[in-house]
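Single-letter residue listing:
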Amino acid sequence: MATDRDATRAWVDENTLNFTRYTFKETTGRKFVVGEHHRIIADAIDQILAGNPEYQYVMFNIPPRYGKTELVVKSFIAKGLAVNPQSRFLHLSYSDDLVKDNSKTIMETINSDAYQRLFPEVQIVGRSAKKWYTSAGGGMYAVSTGGQVTGFGAGQVDAEVEDEEWDENEIDEFIPAKNGYKFAGAVIIDDPLKPEDAVSDTLRERVNNRFENTIRSRTNSRYTPIVIIMQRLHEHDMCGYLQELEGLVENGGKWKVICLPALSIDEEGNEKALWDHKHTVKELHELAEKTPYIYETQYQQNPTPLEGLMYTKFRTYATFPIGNYTIKN
C-alpha cells in the first residue's frame with residue numbers, strides 16, 4: 001500500500017522544480033515563489049540529469065538575485081545526489097565564501113529530516129564545507145575559481161564500453177542516455193568573475209585561462225556536464241569567450257545557452273518583466289535610466305561596450321541658460 005511518504009517522494013522525483021519547492025519549504029519554512037523563469041531553469045536541469053547530450057555544456061544567463069543559485073547550485077546538487085549518491089560535484093565561484101556557504105546549505109538540506117525521510121540512502125561523511133563525501137563515494141568540493149582544484153574530479157570514471165565496434169572517433173554519435181548513462185555529478189560554476197573585475201582585460205583573461213588550463217580537465221568522464229551560471233558582465237566574459245570559441249548547440253556547436261533577460265517583449269508586443277516579484281516593468285525602466293551599463297549587461301544579458309553607454313543623452317539649449325555663477329580665479 002502506498003504511503004504518504006511514497007506519494008511525496010514520487011512527486012519530488014518527478015522534476016527539479018517539485019524537489020526545490022519541497023526542500024525549500026521544509027528547510028526554511030517559507031514558500032518558494034515560482035516564476036516562469038524558474039520553470040525554464042528547472043526543465044533544463046532535468047535534461048542535464050537525464051543525460052540529454054544537448055545539455056552537457058550549459059550556460060544560464062540570468063539577472064542577479066533571481067533564484068539562480070537556489071536552483072542551479074543548491075537544488076541541483078542535492079537532487080543530483082538523490083538521483084545517484086555516488087555523484088561528485090565541483091562547485092566554483094569568484095568568492096570562496098560563497099561556495100562554502102552554498103556547500104553548508106546543501107549539507108544542511110541533505111541532513112534535514114525532510115530530505116532524509118525521502119532519501120535515507122544519501123549520508124554525508126565529514127563536515128568540512130570545502131570538501132565532503134557521501135558514504136556511497138559521491139561528494140562535493142567547493143572552491144573559488146582561483147583556488148586549488150587539483151585532486152578532485154567531478155563525475156565518475158566511465159565504465160568500459162562493451163561494444164567492440166564502437167569507434168572512439170565517433171564520440172559525437174554516442175548518445176549517453178541510450179547506452180546505460182547514469183548521472184554522476186557535474187562541474188558547476190556560479191559567477192566566475194566579480195562584476196567590478198569585468199572591465200579589466202587582465203582579470204577576465206585570467207579567469208578564462210583558468211577554465212581552459214585547470215577547470216575543464218577536472219571532469220572524470222567525457223560525459224560529465226559543465227554548467228556556468230552568471231549574469232553577463234562583458235562581451236568577453238567567460239560565457240562570451242566560450243560561445244565565440246566553441247559555438248552554440250543550435251548552430252552545431254557545444255554550448256546550450258539559457259538566456260533570460262529581465263525585460264522582454266511578449267507575442268502581443270507588450271513589455272513583460274521576467275519576474276514581477278523582483279522587478280516590475282516600471283522598476284526596470286528606472287534601472288535602465290539610472291545605470292544603463294549594468295542594466296544592459298547584468299539584467300538584459302546584452303553586454304555592450306561601456307563607451308557606447310557612457311553618454312546616453314545630451315541636453316541642448318536654444319540659448320545659453322541664465323543663472324547665478326561665481327567664477328573663481
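Structure: see above.
An account of the accompanying structure is given in this report. Numbers given to residues run from 1 along each chain, matching the order in which its sequence is written. Reporting of local features is limited, given that this is a predicted model, to residues whose pLDDT is at least 70; pairs of side-chain atoms are given and counted only at 80 or more, and all residues count toward the totals for whole chains, interfaces and linings. Excluding hydrogens and water, the side-chain figures rest on all heavy atoms present in the structure.

In this description a helix means any DSSP run of H or I spanning at least four residues, a strand means any run of E spanning at least two, and both kinds are numbered starting from the N terminus. The secondary structure content of the protein chain amounts to 11 helices and 10 strands. Residue burial in the protein chain is summarised as follows: out of 329 residues, 47% are buried. Residues are treated as being in contact if the distance between any of their heavy atoms lies within 4.5 Å. Taking the contacts inside the protein chain whose residues are at least 6 apart along the sequence as the reference set, 71% of them involve residues at least 24 apart. To measure how exposed things are, a 1.4 Å probe is used in the Shrake-Rupley method; for residues, cover is taken only from the protein chains shown. When the accessible area of the protein chain is evaluated, it comes to approximately 17800 Å², of which 46% is carbon and sulfur surface. Burial classes: relative accessible area under 20% of the type maximum marks a residue as buried, over 50% as exposed, and values in between as partly exposed (1.4 Å probe, protein chains only).

This part is about the layout of surface pockets. What the largest pocket holds in volume is close to 590 Å³. Among the secondary structure elements, those contributing two or more residues to the lining of the largest pocket are α2 (16-28), α4 (68-83) and α5 (96-111). Ranked by residues supplied to the lining of the largest pocket, first place goes to α4 with 4 residues. Classification used: nonpolar for Ala, Val, Leu, Ile, Met, Phe, Trp, Tyr, Cys and Pro, charged for Asp, Glu, Lys and Arg, polar for all others including Gly. Its residues assigned to classes, the lining of the largest pocket shows 7 nonpolar, 5 polar and 9 charged. The way it works is a 1 Å grid over only the protein atoms, where trapped points that fit a 1.4 Å probe form a cavity and open points with protein on both sides within 12 Å along at least five of seven lines form a pocket, and then any residue with an atom within 4 Å of a point lines it. Grid points are joined across faces, edges and corners, and a volume is the space filled by probe spheres set on the points.

Time to look at the pattern of salt bridges. Every case where a carboxyl oxygen of Asp or Glu lies within 4 Å of a side-chain nitrogen of Lys or Arg is listed as a salt bridge. Counting across every chain of the model gives 16 salt bridges. Two residues, Lys68 and Asp191, come together in a salt bridge whose shortest N-O distance is 2.9 Å. Here the residue Lys68 occupies a position in helix α4, and Asp191 occupies one in the loop between β6 (185-190) and α7 (201-215), the gap between them amounting to 123 residues. In this structure, Lys68 and Asp191 share a single accessibility class: buried. Here Arg216 makes a salt bridge to Glu246, at a shortest N to O gap of 2.9 Å.

Next up on the list: the side chain of Arg218. Structurally, Arg218 is set in the loop between α7 and β7 (226-230). Once residues lying within four places of it in the same chain are set aside, the contact partners of Arg218 are Leu90, Val149, Thr150, Gly151, Phe152, Gly153 and Ala154.

This part is about helix α3 (residues 36-50). Residues separated by three or four positions in an α-helix point in the same direction, a consequence of the helix having 3.6 residues per turn. A helix's residues, less one, multiplied by 1.5 Å, set its expected span. An ideal rise of 1.5 Å per residue puts 21 Å on 15 residues; α3 measures up with 21 Å between its terminal C-alpha atoms. Here α3 has its buried residues at His37, His38, Ile41, Ala42, Ala44, Ile45, Asp46, Ile48 and Leu49. Contacts from the buried residues of α3 go to α2, β1 (57-61), α4, β7 and β8 (256-259). Phi turns positive, to about 85 degrees, at Gly51, one or two residues after α3.

It is worth spelling out empty space enclosed by the protein at this point. Under the counting rule described, the total for this entry stands at 2 cavities of 30 Å³ or more. In this structure, the largest cavity spans a volume of roughly 60 Å³. Along the wall of the largest cavity there are 10 residues; nearest its centre are Gly51, Asn52, Pro53, Gln56 and Tyr223. Of the residues that constitute the lining of the largest cavity, the class distribution is 7 nonpolar, 3 polar and no charged. Considering only enclosed or pocket space, the second largest cavity measures out at about 30 Å³ in volume. Lining the second largest cavity, in full, are Pro192, Leu193, Arg204, Val207, Asn208, His236, Asp237 and Met238. By residue number, the principal contributor to the lining of the second largest cavity is α7, which donates 3 residues. Among the residues making up the lining of the second largest cavity, the classes are represented as 4 nonpolar, 2 polar and 2 charged.

Two faces, one strand: in a regular strand the side chains alternate between the faces of the sheet. Burial along strand β4 (residues 131-134) is one-sided: Trp132 and Thr134 are buried, and none of Lys131 and Tyr133, which face the opposite way, are. In the sheet, strand β3 (residues 124-125) pairs with β4 via 2 bridges, with the strands oriented antiparallel. Note on β4: the bridge partner recorded for Ile124 is Thr134. The criterion for strand pairing is that DSSP finds at least two bridges linking the strands in question. Between β4 and strand β5 (residues 139-144), which pair antiparallel in sequence order, lie 4 residues; one of them, Gly137, sits at a positive phi of approximately 100 degrees.

If you check the backbone angles, Arg65 has positive phi at about 65 degrees while not being a glycine. Take Arg65: it is sitting in the loop between β1 and α4. Residue classification places Arg65 among the exposed residues on the basis of a relative accessible area of 70%. Non-glycine residue Gln301 carries a positive phi angle of around 60 degrees. Checked against the element boundaries, Gln301 lands in the loop between α10 (292-299) and α11 (306-309).

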